[in-house]
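Listed below are the residues making up each chain.
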Amino acid sequence: MATALFCPACAGEGVSSQLGTGLLCRACGRQWPVLAGGTDFIAVLVPDPDAAARMVGLVSRLLREPGQLAVWADSDDALESALAGGLLTYAQAHFGGCARPPLPSPDLHWLARAWSDDLPDGPVAFLGCATGGEPWALRHAPALQDREVWLVDANLAALAWGQMLLDNGSVLLPHRTSATRIDWRLAQLPEPAPNARWLCADALFPPFAAQSLAAIVTVNLLDSVADPFALVQQVEAMLKPGGV
């Protein structure tokens, strides 16, 4: 059974409203946008519907015109700057080692050593996954095989690039060569990536039901949200009994 998603705008008002066909909220009447870029769409369920629609428009343009990234990196527009910053930071941090020649990037294999395979039934969510480096590092974990996996981040540009790489096995990876210059380098995965669902959402307003997830993975997220305590509360609320 597919995981149900809930309206983030209604959740902000204390109402639990499950989204229906076409991501339509029957409670508030909003229909949430999607980015159709890879083999599966990316639903955009950030709390502000106007910001969601604008983000889809911006990233759709970026997919057609990658040169926009250099413009956004120095933009005074907060959303353009945030999209560029997240993509530039995490594309290299997560997959720089897959570039040819390789780019400097941290080793995420420690996640596999810290991971527990003793999980209850149910889906797993990676919150703040950006381009998807953490699920890639855990791709061989037995507990993730044949399980619904959600990759969730508020930065749609980072998600779109990660989806292209994990879906296709290769992508042109952007990276800074100086403060003012962005170059592109081909990154190729050494093996196929497991299937996953991609979702653009705010970790403080996650569109999942209470006690619906078997595990939640977050790396370097507490210092990136406005209210770290609220994030911990959300994670605790979404985990099933026995979840990690």
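Quick note: structure is the one above.
Along every chain, residues carry numbers that run from 1 in the direction the sequence is written. At least 70 in pLDDT is required for a residue's local features to be given in this predicted model, at least 80 for side-chain atom pairs to be given and counted, and no such filter applies to totals for whole chains, interfaces and linings, which use all residues. With hydrogens and water stripped out, all remaining heavy atoms of the structure feed into the side-chain values.

> Go over the overall build of the protein chain, please, and point to the residues and values.
Secondary structure elements are taken from DSSP: a helix is a run of H or I of four residues or more, a strand is a run of E of two residues or more, and numbering for both begins at the N terminus. Counting its regular elements, the protein chain contains eight helices and eight strands. For the protein chain, the C-alpha atoms occupy an extent of roughly 45 × 40 × 35 Å along the three principal directions. Only protein chains enter the calculation, and the probe is 1.4 Å; a residue is then buried if its accessible area is under 20% of its type maximum, exposed if over 50%, and partly exposed in between. Sorting the 244 residues of the protein chain into buried and exposed places 49% on the buried side. By definition in these notes, contact holds between two residues if any of their heavy atoms fall within 4.5 Å. Restricting to contacts in the protein chain with at least 6 residues of sequence separation, those with at least 24 account for 64%.

> Would you mind going over the state of the cysteines in detail, with residue names and values included?
For this text, the term disulfide refers to a pair of cysteine sulfurs within 2.5 Å. Enumeration according to the criterion identifies zero disulfides in this entry. Cysteine 10 supplies the cysteine sulfur nearest to cysteine 7, a cysteine that is in no disulfide, at a spacing of 3.7 Å. According to the relative accessible area criterion, cysteine 7 is buried, its value standing at 1%. The thiol of cysteine 25 is unpaired, and the distance to the nearest cysteine sulfur, on cysteine 28, comes to 3.6 Å.

> Describe helix H7 (residues 156–168), listing the residues and the values that go with them.
For the α-helix, the turn length of 3.6 residues means that residues three or four positions removed from each other point alike. The end-to-end C-alpha distance of H7 is 18 Å, a good match for the 18 Å that 13 residues give at a rise of 1.5 Å each. Leu156, Ala157, Ala158, Leu159, Ala160, Trp161, Gly162, Gln163, Met164, Leu165 and Leu166 are the residues of H7 that are buried. For H7, the capping residue at the N-terminal end is asparagine 155, with a side-chain oxygen 3.0 Å from the backbone nitrogen of alanine 157. In the segment just after H7, glycine 169 is the residue with positive phi, at about 90°. Expected span of a helix, by definition, is 1.5 Å for each gap between consecutive residues, and there is one gap fewer than residues. What qualifies as a polar contact is a pair of N or O atoms within 3.5 Å, subject to a donor-acceptor requirement within protein and to the restriction that residues adjacent in sequence count only when both atoms come from side chains.

> Lay out unusual backbone geometry with the relevant residues and their values.
Between arginine 100 and proline 101 the backbone carries a cis peptide bond, its omega angle lying at -5°. As for its placement among the helices and strands, proline 101 is situated in the loop between helix H4 (78–95) and helix H5 (110–114). We note that aspartate 146 has phi near 60°; this positive angle belongs to a residue other than glycine. Structurally, aspartate 146 is set in the loop between helix H6 (133–137) and strand S4 (149–153).

> Tell me what's going on with the pairing of strand S3 (residues 124–127), and back it up with residues and numbers.
Where burial is concerned, the two faces of S3 agree: the one with Val124 and Phe126 and the one with Ala125 and Leu127 are both buried. Pairing between S3 and S4: four bridges, direction parallel. Across the sheet, phenylalanine 126 pairs through a bridge with leucine 151, a residue of S4. Strands qualify as paired when DSSP identifies two bridges or more between them. Inspection of the sheet shows S3 paired to strand S8 (residues 215–218) by four bridges, in the parallel sense. Considered in S8, the bridge of alanine 125 is made with isoleucine 216.

> An account of the packing of aromatic side chains is requested, with residue identities and associated values reported.
For this analysis, a ring pair means two rings from Phe, Tyr or Trp (six-membered ring only for Trp) whose centres lie within 6.5 Å, classed as stacked if their planes differ by under 30 degrees, edge-to-face if by over 60, and tilted for the remaining angles. This model, assessed by the stated rule, comprises two aromatic pairs. Seen from their ring centres, tryptophan 150 and phenylalanine 208 are 5.8 Å apart, and the 70° between their planes marks the pair as edge-to-face. Here phenylalanine 208 lies in the loop between strand S7 (197–201) and S8 and tryptophan 150 lies in strand S4, a separation of 58 residues in the sequence. Judged on exposure class, the residue tryptophan 150 and its partner phenylalanine 208 are both buried. For the pair tryptophan 161 and tryptophan 184, a centre-to-centre distance of 6.0 Å together with 40° between the ring planes defines the contact as tilted. Taken together, the residues tryptophan 161 in helix H7 and tryptophan 184 in strand S6 (residues 182–188) connect sequence positions 23 residues apart. Two thresholds decide whether a charge sits over a ring: the Lys NZ or Arg CZ must be within 6 Å of the ring centre and within 35 degrees of the ring normal. Over the ring of tryptophan 136 we find arginine 139, and its NZ or CZ is 3.7 Å from the ring centre. In this structure, arginine 197 is placed above the aromatic ring of phenylalanine 41, and the distance from its NZ or CZ to the ring centre is 5.8 Å.

> Kindly report on the sheet that holds strand S2 (residues 42–45), identifying the contributing residues and their values.
The pairing of strands in a sheet comes from backbone hydrogen bonds and takes either a parallel or an antiparallel form. Spatially, S1-S2-S7-S4-S3-S8 is the arrangement adopted by the six strands of the open sheet, whose pairing is mixed. Here the strands that pair on one side only, and so sit at the sheet edges, are strand S1 (34–35) and S8. Two strands pair when backbone bridges link them, and S4 and S7 are joined in this way by four bridges, in the parallel orientation. Bridge pairing links aspartate 153 to cysteine 200 in S7.

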